[in-house]
Amino acid sequence: FAMTLEGEVSNDAIPEPVIIEPKANYSVGGVVKIAVEDKEDDIARVEYSIDDGRWQNMKPSEPGIYTAEWDTAKVSGINHKINVKATDKIGQIYIKSIDVRVVNKVTIIFPFDGASLYKTAVMMVEPRANREVERMEFQIDNGPFEEMSASDMGLYTRQWKVDENYTPGSLHSLTVREYEKGGGV
């Protein structure tokens, strides 16, 4: 049994919304659609919050589906929690959360700032989320741009051999370019 907000005992099942977008532990970016499904058709209201933020109403978009849009540019940091609160017709509440990773810019995974390299390094770059990447390139100092390869993990990689002419302990810059399908760098 469950208890309503008014303290009454209820034999109704607590509403259990299903978060269908985005998927848990996915990388997201830009404006993200949050979609929740009501499989039991017993939810009266659905709200969402980000991390410990205020609850905001979601709108029904089609039968049994509630949606909202979240602008990830308004949050700082990478790891965030999307919370969804469903209230059924008799006032029972169920809260469900998923973790997501916000990636609004190309992220250089390795080498990280200040890393020391010896002879070779595998460049690792994570593209911006929600983009269709045509290709990814990197450049050391003012050298030529070299294309990177997509890996199974959604990263772009390329082995780079440290030039024999580089002085040990010297500082260098790494530039990365992401080309989107249909244009845009």
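That block above? That's the structure.
Keep in mind that what you see is a predicted model, and the values were worked out from it rather than measured.

Enquirer: Help me understand the overall build of the protein in this model?
Expert: Broken down by element type, the protein carries zero helices and 18 strands. Relative to the globule expectation of 16 Å for 185 residues, the C-alpha radius of gyration of the protein, 23 Å, shows a markedly less compact shape. Taking the principal axes of the C-alpha coordinates as reference, the protein spans close to 80 × 35 × 25 Å. Taken across its 185 residues, the protein has 34% of its residues classed as buried. For the protein, the proportion of contacts with a sequence separation of at least 24, taken over those separated by at least 6, is 60%. Within the structure as shown, the protein displays about 11,700 Å² of accessible surface, and the carbon and sulfur contribution to it stands at 47%. Looking at charge distribution, the protein has the averaged site of its 21 positive side-chain charges lying 4 Å from that of its 31 negative ones.

Enquirer: How should the pairing of strand β13 (residues 120-126) be read in this particular structure?
Expert: If a strand is regular, its side chains alternate between the two faces of the sheet. Where strand β12 (residues 107-110) lies against β13, three bridges are found, and the strand directions are antiparallel. Its bridge partner being in β13, Thr 107 is matched across the sheet by Glu 126. As defined by bridge partners, β13 adjoins strand β17 (residues 156-161) across six bridges and the pair is classed as antiparallel. Residue pairing across strands places Ala 121 opposite Trp 160, the latter belonging to β17.

Enquirer: Looking at this structure, I do not really get the side chain of Asn 83. What am I missing?
Expert: Residue placement: Asn 83 occurs in strand β10 (residues 79-88). Given the relative accessible area of 7%, Asn 83 is considered buried. Within the structure, the side chain of Asn 83 is placed 2.7 Å from the backbone oxygen of Asp 51, a separation counted as a polar contact. Setting aside anything within four residues of it in sequence, one finds Asn 83 in contact with Glu 47, Tyr 48, Ser 49, Ile 50, Asp 51, Trp 55, Lys 96 and Ser 97.

Enquirer: Would you take a moment to explain the pattern of salt bridges for this structure?
Expert: Scanning the entire structure with this criterion turns up nine salt bridges. Two residues, Arg 45 and Glu 47, come together in a salt bridge whose shortest N-O distance is 3.4 Å. Salt bridges linked by common partners bring Glu 134, Arg 135, Glu 137 and Arg 177 together as one network.

Enquirer: Looking at this structure, I do not really get the layout of surface pockets. What am I missing?
Expert: One simple way to see leftover space: roll a probe sized like a water molecule over the atoms. A volume near 780 Å³ is recorded for the largest pocket. Every residue lining the largest pocket is counted, 26 residues in all, and those nearest its centre are Ala 115, Leu 117, Trp 160, Ser 170 and His 172.

Enquirer: When you look at the sheet that holds β17 in this model, what are you seeing that I'm missing?
Expert: Pairing between the strands of a sheet is mediated by backbone hydrogen bonds and can be parallel or antiparallel. In space, the four strands of this open sheet follow the order β12-β13-β17-β16, with antiparallel pairing throughout. Only two strands of the sheet have a single neighbouring strand rather than two, namely β12 and β16 (149-150).

Enquirer: Just checking my understanding: could you explain the sheet that holds strand β6 (residues 43-50) for this structure?
Expert: A sheet is described by the order of its strands in space; here five strands give the open sequence β4-β11-β10-β6-β7, paired in mixed fashion. The sheet is open, and its two edges are formed by β4 (27-28) and β7 (56-57), each paired on a single side. When β6 meets β7, the two strands line up antiparallel, connected through two bridges. In the sheet register, Glu 47 faces β7, and the bridge partner there is Asn 57.

Enquirer: Explain unusual backbone geometry to me, please; I cannot follow it from the model alone.
Expert: Across the chain, the bulk of peptide bonds are trans and the bulk of non-glycine residues have phi less than zero. In this structure, the amide linkage connecting Glu 21 to the following residue, Pro 22, adopts the cis form with an omega of -15 degrees. Position of Pro 22 relative to the elements: it lies in the loop between β3 (18-21) and β4. Residue Pro 111 is bonded to the preceding Phe 110 through a cis peptide linkage, with omega at 5 degrees. By secondary structure assignment, the location of Pro 111 is in the loop between β12 and β13. The residue Asp 51 is not glycine, and still its phi comes out positive at about 55 degrees. Mapped onto the secondary structure, Asp 51 falls in the loop between β6 and β7. Phi is positive for Asp 141, which is not a glycine, with a value near 50 degrees. Structurally, Asp 141 is set in the loop between β14 (133-140) and β15 (146-147).

How each quantity is defined
- Residues numbered from 1 in each chain as written.
- Predicted model: local features only at pLDDT ≥ 70, side-chain atom pairs only at ≥ 80, totals over all residues.
- Heavy atoms only, no water.
- Helix = DSSP H or I, 4+ residues; strand = E, 2+ residues; numbered from the N terminus.
- Rg over C-alpha atoms; globule rule 2.2 N^0.38 Å.
- Buried < 20%, exposed > 50% of the residue type's maximum accessible area, 1.4 Å probe, protein only.
- Contact = heavy atoms within 4.5 Å.
- Areas by Shrake-Rupley, 256 points an atom, 1.4 Å probe, with all protein chains shown as cover.
- Lys, Arg positive; Asp, Glu negative; His and termini not counted.
- Charge placed at Lys NZ, Arg CZ, Asp CG, Glu CD.
- Pairing = 2+ DSSP bridges.
- Polar contact = N/O pair within 3.5 Å; in protein donor to acceptor, adjacent residues only side chain to side chain.
- Salt bridge = Lys/Arg side-chain N within 4 Å of Asp/Glu carboxyl O.
- 1 Å grid on protein atoms, 1.4 Å probe; cavity = no way out; pocket = protein on both sides within 12 Å on 5 of 7 lines; lining within 4 Å.
- Points joined across faces, edges and corners; volume = space filled by probe spheres on them.

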